[in-house]
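These are the residues of each chain, in order.
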Amino acid sequence: MTPTGKQTKNVERPQKDVSEDPENASGGLTVRRLGAEEWSIWDKLFICALHVTPFASSKYLRQLADSLERSLSVYIVSRGGEVLAGIALCGRTYLGAKIVTAVPSTPYSAILYSRSAFASTYPARNTSEYIALSRSLIGAVRAEFRSLDLNLVPGVDDVRPWIWDGWRAEPTFTYLLHLKGELRVSYSVQKNARKCERSGAKASTEWDLDNCWSLLEKTSARQGVSIGMNRAQFFALAQTLYDSNLAWMVTVYNAENQPVASRVQLSVPGSNTAYDWVAGTSPAAFAIGASPWNVLKVIEECSNRGYAYWNMCGANFETIAKFKSEFGGDLVHGFSLRSPRPFIYSLVAKARLKASSLKQQLRKTKRK
């Protein structure tokens, strides 16, 4: 990590400090789990965090856990009463043990570090603090969960504390657009945008979850990729975020006033970055170039709302990466983390991955 970087009913009551074990104590740090009535502590940390994403907001976390029927575990690390770091995890039971798996709708895990923790003018001291805080969080989550999959937001690039604990770290990629400068979109994007405008299409920022969900389902079926939530779960989460001023969307309608492309954005009011959360298109979108035009309209709306950056939230797969690269953003990386796990877990995970891959291949064969 570069420290100078640009409850729900499911939460249990406070437990005994993990730091009471001398091996978990470092530099006066204490670790404890927050109780159901202590979300204000997390909210204060969220406001002063070094890397603020909507995926770490209490509104997002609590509704996500409720929608997916998962339990929330929230740990904080403090020194002398000052909260310096925290982690919030949506867990579930698998093979008789508690685990944390990646949620398709959540590109970045809720791991927060307070800016005040890295206020020293000495880089070595800031690095030491980051390592101590990370080790405290690692110790807490490893004590509760048998296995964990986490995704770090770009900018948190020092994964040594996790590797030293035996975790596996792999790079993940996304594109970050600087909205204050001139867009560097490809000729193909420009051509499709002109084509879409000439077709009589229009863009709207009206909040319409029915049309959005319809397009998401069509994209999921076409690509053979799960949305990760059913309709009721998605509606509950998305509406909560919209009501909390964390979500908005841009939808493209063709000349017949039919929705053909839609993208939902998440952003924290007052922050400088918007996040491309979910996107869906219909087959009709490709004929008029609606998908690239939809992206351009999102970029335009991001600028109008005063954001300096737009995180496209993922460019790890070839076709998606190629499409997103055409809008001129900078390729940036984060890390996915996988904790050590029992052999049986790895065996089952490999079998499920192979089955999923085979299912996608069968879908592609049917389309041909």
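Residues numbered from 1 in each chain as written. Predicted model: local features only at pLDDT ≥ 70, side-chain atom pairs only at ≥ 80, totals over all residues. Heavy atoms only, no water.

Draft legend 1. Representation of the packing of aromatic side chains within the structure. A complete count under the given rule lists 13 aromatic pairs for this structure. Consider the rings of F55 and Y60, whose centres lie 5.5 Å apart with planes at 90°: the pair is edge-to-face. With a relative accessible area of 0%, Y60 lands in the buried category. Between F234 and F235, the ring centres sit 6.2 Å apart and the planes meet at 70°, which makes this aromatic pair edge-to-face. One exposure class covers both F234 and F235, and it is buried. Counting every residue linked through ring pairs, the aromatic cluster contains F55, Y60, Y108 and Y275. The ring of F235 carries R231 above its face, with NZ or CZ at 4.1 Å from the centroid. (Phe/Tyr/Trp six-rings, centres within 6.5 Å; stacked < 30°, edge-to-face > 60°. Buried < 20%, exposed > 50% of the residue type's maximum accessible area, 1.4 Å probe, protein only. Lys NZ or Arg CZ within 6 Å of the ring centre and 35° of its normal.)

Draft legend 2. Quick peek at the environment of Y94. Note that Y94 resides in strand 3 (residues 82-94). Residue Y94 is classed as buried on the basis of its relative accessible area, which comes to 17%. Sequence separation between Y94 and S147 is 53 residues; the distance between their C-alpha atoms is 9.8 Å. (Helix = DSSP H or I, 4+ residues; strand = E, 2+ residues; numbered from the N terminus.)

Draft legend 3. Looking closely at helix 9 (residues 290-304). Its 15 residues give helix 9 an end-to-end C-alpha distance of 21 Å, which sits within 8% of 21 Å, the value for a rise of 1.5 Å per residue. Along helix 9, 11 of the 15 residues are buried, which leaves the element largely enclosed by surrounding structure. Of the residues making up helix 9, those classed as buried are A290, S291, P292, W293, N294, V295, L296, V298, I299, E301 and C302. Of the residues flanking the end of helix 9, it is G306, one or two places downstream, whose phi is positive at about 90°. (Expected span 1.5 Å × (residues − 1).)

Draft legend 4. Quick look at the packing of helix 1 (residues 39-47) against helix 2 (residues 58-68). Here helix 1 crosses helix 2 at 130°, and the two axes come no closer than 10 Å. Our classification of the angle between helix 1 and helix 2 gives oblique. Within the contact between the two elements, helix 1 uses W39, W42 and D43 and helix 2 uses S58, L61 and R62. Along the lines of polarity and charge, the residues of the contact of helix 1 with helix 2 split into three nonpolar, one polar and two charged. (Axes fitted to C-alpha atoms, helices over the stretch in contact; angles between N-to-C directions. Parallel < 35°, antiparallel > 145°, perpendicular 65-115°, else oblique. Contact = heavy atoms within 4.5 Å. Nonpolar A, V, L, I, M, F, W, Y, C, P; charged D, E, K, R; others polar.)

Draft legend 5. Unusual backbone geometry, seen in detail. At E69, a residue that is not glycine, the phi angle is positive and equals roughly 55°. The residue E69 is located in the loop between helix 2 and strand 2 (71-79) in this model. In this structure E69 comes out as exposed when scored by relative accessible area, which is 74%. Even without being a glycine, L95 presents a positive backbone phi close to 55°.

Draft legend 6. Geometry of the pattern of salt bridges. Tallying each qualifying case throughout the model produces 15 salt bridges. The salt bridge partner of R184 is D330, with a shortest N-O separation of 3.4 Å. Here D330 lies in strand 13 (residues 330-338) and R184 lies in the loop between strand 7 (168-178) and helix 5 (187-198), a separation of 146 residues in the sequence. Assessed through its relative accessible area of 54%, R184 is described here as exposed. The exposure class of D330 is partly exposed, given its relative accessible area of 32%. Its salt-bridge partner being R263, residue D276 comes within 2.7 Å of it at the nearest N-O pair. In this pair, D276 sits in strand 11 (residues 273-281) while R263 sits in strand 10 (residues 259-267), placing the two residues 13 residues apart along the sequence. Each of the salt bridges in this network shares a partner with another, and the network as a whole consists of R33, K98 and E144. (Salt bridge = Lys/Arg side-chain N within 4 Å of Asp/Glu carboxyl O.)

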